[in-house]
Structure formats: structure tokens, C-alpha cells
Amino acid sequence: QVQLVESGGGLVQTGGSLRLSCAASGSTFKIVLMGWYHQAPGKQRELVATIGSSDVTNYADSVKGRFTISRDSAKNTVYLQMNSLKPDDTAVYYCNVEAVVPRTAYWGQGTQVTVSQ
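These numbers were taken from a predicted model, which means no experiment stands behind them.

Rules behind the numbers
Residues numbered from 1 in each chain as written. Predicted model: local features only at pLDDT ≥ 70, side-chain atom pairs only at ≥ 80, totals over all residues. Heavy atoms only, no water. Disulfide = S-S within 2.5 Å. Helix = DSSP H or I, 4+ residues; strand = E, 2+ residues; numbered from the N terminus. Buried < 20%, exposed > 50% of the residue type's maximum accessible area, 1.4 Å probe, protein only. Pairing = 2+ DSSP bridges. Axes fitted to C-alpha atoms, helices over the stretch in contact; angles between N-to-C directions.

Regarding the state of the cysteines
1) Next: For the coordinates displayed, the defined rule picks out one disulfide.
2) Next: Between the sulfur atoms of Cys22 and its disulfide mate Cys95 the distance is 2.1 Å. Taking the sign of the torsion about the S-S bond as the criterion, the disulfide between Cys22 and Cys95, at about -80°, is left-handed. Here Cys22 is found in strand β3 (residues 18-26), whereas its partner Cys95 is found in strand β9 (residues 91-99), with 73 residues between them in sequence. Here the two residues Cys22 and Cys95 agree in accessibility, since each one is buried.

Structural notes on the sheet that holds β3
1) Next: Spatial strand order, β1-β3-β8-β7: four strands in an open sheet with antiparallel pairing. Edge positions in the open sheet fall to β1 (2-7) and β7 (67-72), since each of these has one partner strand only. Strand after strand, the sheet turns through a mean of 15° between neighbouring axes, direction not considered.
2) Next: Here β1 pairs with β3 via six bridges, running antiparallel. Looking at the pairing, Gln3 lines up with Ser25 of β3.

Structure representation (C-alpha cells):
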């Protein structure tokens, strides 16, 4: 089992920045992928960014050049630095990790990000 605790959401004006954090605990040695998803009201949950065991990253087109995903392996923590925020970025942001043996996806509780005009 893996437990995830997120922090860092909040209210920010257009053009501002926020940094999300997600700390994993439990069977962290089984984690092979960490990432962030978001879900806006009335919409499906969508991928924002992922980072793999070799620090290979992947971003949604909508956030490329504005968001940066990183991780601290010693702390089992993944971060999402969000710059140049837009109202369209408003959503609940969920931390996600994928673990193996067995292959399992774990989700954080979600943190609200609101970008005002």
C-alpha cells in the first residue's frame, strides 16, 4: 500500500505561481511513476504531467513551458511548479503514483487550485 498526502493548492491571480507537493509513504519502493492530474468541474480527470524512475518527464500540451514536474527520491515526494497560471488551470489537482507487484494506481485526496481573472 502507498499513502499520498498533497499540499500547496490555493487561490492565485492570472499569471501567478503555485507549487504543489505530494509526499508518498508506505511501500514506496514499488513506485515506478509519479504524476499529477487535474479535474475541472463537469470535466473528466486529465493528465497534467508525469515523471518516471529515470526522471523522464511527460506533459500535457496545455501546460508545456509553464509547469515543471520534479521529485525528491530521498523524500518520496513529487512536486508540480505551476507558473503563468491561467483561469483554465482552475481544477482539483490529484497526485497519482503507479506501483508494481501488483500493478496498482494510487491517488491523493486532491487539492483545489483556483486562478482568478
